[in-house]
Amino acid sequence: MDANKFMALAFEQANAAEKAGEVPIGAVVVDARGRVLGLGHNRNRERLDPTAHAEIEAIRAACQNLGQARLDGCDLYVTLEPCPMCAQAIAFAQIRRLVFGAYDPKGGGVEHGPRIFNQSSCHHQPEVIGGIGETEAGSLLRAFFQARRD
Ligand SMILES: [Zn+2]
C-alpha cells in the first residue's frame, strides 16, 4: 500500500473542489492491486445535491467502473474524517480499509459523533487509519472557511 501516493491523489481532488468553490475535500478508491477505480470531490453546489460528498462521488465512480454495487477488497482514501452518511456508505460498499487525513471532531462520524462502524446496525467494519496528511488537510479546510468569512 502506498498510502502517501493515494493520499496525494485525494489532495489533488480537494484542490479541484476548492477551485470550483466547493468544500475542499477529496477522495479516491483503489483496488487491492493499487489500481485507481474512482476519484471524487465535493460537488454539492455543482450538482445541487446535499449527498454529493467526495467519498460518495468516489464510491459511485468506482462502482460504475467495476459494474457492481460493492467494493469489497478496495480501499478508500479521503482528506477528512468521513461524516456519518459517508461512513455508512463506506460500510454499505464493503470497503476493506479507510484511510483519512484530518480528524473532524465537529462533523466526523468514524472516530467522533455516532462512530458509525461501532453501531450494531453497521454490518461491515473496515480497517481505519486516520491522521495521514492531517496537517495539510486541516490547513486546506481552515483556509477555505476563513476566506469565506472575510
Ligand atoms: Zn460525507
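Note that this is a predicted model, so its numbers are computed, not measured. Throughout this document, residue positions are counted from 1 along each chain, in the order its sequence is written. Local features in this predicted model are restricted to residues whose pLDDT is 70 or higher, and side-chain atom pairs enter the listing and the counts only when it is 80 or higher, whereas totals over whole chains, interfaces and linings include all residues. Side-chain numbers here rest on the full set of heavy atoms in the structure, without hydrogens or water.

Asker: Describe the sheet that holds strand S2 (residues 36-41), naming the residues involved and giving the relevant values.
Answerer: On the basis of which strands lie adjacent, the open sheet formed by five strands has the order S2-S1-S3-S4-S5 and mixed pairing. Bordering the open sheet on either side are S2 and strand S5 (127-129), each of which pairs with just one other strand. Pairs of neighbouring strands in the sheet enclose a mean axial angle of 15°, with direction left out of account. With four bridges connecting them, strand S1 (residues 26-30) and strand S3 (residues 75-80) associate as antiparallel partners. When the sheet's bridge partners are listed, Val29 is paired in S3 with Leu76. Should any heavy atoms of two residues lie within 4.5 Å, those residues are counted as being in contact. To define axes, lines are fitted to C-alpha atoms, for helices over the stretch in contact only, and angles between the resulting N-to-C directions are given on a 0 to 180 degree scale. Only DSSP runs of H or I covering at least 4 residues are called helices, and only runs of E covering at least 2 are called strands; the numbering of each starts at the N terminus. Strands in contact with helix H5 (residues 134-149) are S3 and strand S4 (97-102); relative to S4, the strand with the most contacts, it is inclined by about 55°. A pair of strands is labelled paired if DSSP reports no fewer than 2 bridges between them.

Asker: Describe the coordination of the zinc ion, with residues and values.
Answerer: The rule for donors is simple: an N, O or S atom within 2.8 Å of the metal counts, and for Na, K and Ca the reach is 3.2 Å. Water is not among the atoms, so a site may look short of donors. Only His53 (ND1), Cys83 (SG) and Cys86 (SG) from the protein coordinate the zinc ion, and they sit 2.0 to 2.3 Å from it. Read in sequence order, the donor residues for the zinc ion give the motif H-x29-C-x2-C. Here the residue His53 occupies a position in the loop between helix H2 (44-47) and helix H3 (54-66), and Cys86 occupies one in helix H4 (residues 84-92), the gap between them amounting to 33 residues. Only protein chains enter the accessibility calculation, which uses a 1.4 Å probe; a residue whose area is less than 20% of its type maximum is buried, one above 50% is exposed, and one in between is partly exposed. By relative accessible area, Cys86 is classed as buried at 0%.

Asker: Explain the nonpolar core residue by residue, including any values.
Answerer: Judged by nonpolar contacts, the single largest core of 43 residues is most densely connected at Val29, Ile59, Leu71, Leu76, Leu98 and Phe117. Contributing elements (two or more residues each) for this core: helix H1 (3-19), S1, H3, S3, H4, S4 and H5. For this analysis, a nonpolar core means a set of buried residues of the types Ala, Val, Leu, Ile, Met, Phe, Trp, Tyr and Cys, connected via side-chain atoms within 4.5 Å.

Asker: Hey, could you go over the pairing of S4 for me, with residue numbers and the actual values?
Answerer: Counting buried positions along S4 gives six out of six residues, so the element sits mostly inside the fold. As paired elements, S3 and S4 share five bridges and run parallel to each other. Across the sheet, Asp75 pairs through a bridge with Arg97, a residue of S4. A crossover gets the label right-handed when its path from the first strand over the helix to the second runs clockwise, viewed with the strands pointing away from the viewer. You can see the chain leave S3, run along H4 and come back into S4, and the turn it takes is right-handed. As paired elements, S4 and S5 share three bridges and run parallel to each other.

Asker: Go over the pattern of salt bridges, please, and point to the residues and values.
Answerer: Salt bridge, as used here: a side-chain nitrogen of Lys or Arg that lies within 4 Å of a carboxyl oxygen of Asp or Glu. Under the criterion given, the structure shown has seven salt bridges. The partner of Arg43 in a salt bridge is Glu57, with the nearest N and O atoms 3.5 Å apart. In this pair, Arg43 is assigned in the loop between S2 and H2 and Glu57 in helix H3, connecting sequence segments 14 residues apart. You can call Arg43 partly exposed: its relative accessible area is 22%. Where salt bridges share partners, they join Arg43, Glu46, Arg47 and Glu57 into one cluster.

Asker: Describe the environment of Arg60, listing the residues and the values that go with them.
Answerer: Within the element layout of this structure, Arg60 appears in helix H3. Separated by 29 residues in the primary sequence, Arg60 and Ala89 have C-alpha atoms spaced 10 Å apart. Once you skip the residues sitting within four places of it in the chain, Arg60 turns out to touch Asp49 and Thr51.

Asker: Give me the packing of H3 against H4: which residues, what numbers.
Answerer: Contact geometry of H3 with H4 gives a least axis separation of 9 Å together with a crossing angle of 25°. Relative to H4, the element H3 is oriented roughly parallel. Crossing geometry of H3 relative to H4 is assigned as left-handed. The segment H3 lies against H4, with Glu55, Ile56 and Ile59 engaging Met85, Cys86, Ala89 and Ile90. Among the residues forming the contact of H3 with H4, the class breakdown is six nonpolar, no polar and one charged. Oblique is the label for every angle not falling under 35 degrees (roughly parallel), over 145 degrees (roughly antiparallel), or within 65 to 115 degrees (roughly perpendicular). In a left-handed crossing the near helix is turned counterclockwise from the far helix by less than a right angle, and in a right-handed crossing that turn is clockwise. Under the scheme applied here, ten amino acids are nonpolar (Ala, Val, Leu, Ile, Met, Phe, Trp, Tyr, Cys and Pro), four are charged (Asp, Glu, Lys and Arg), and all others, including Gly, are polar.

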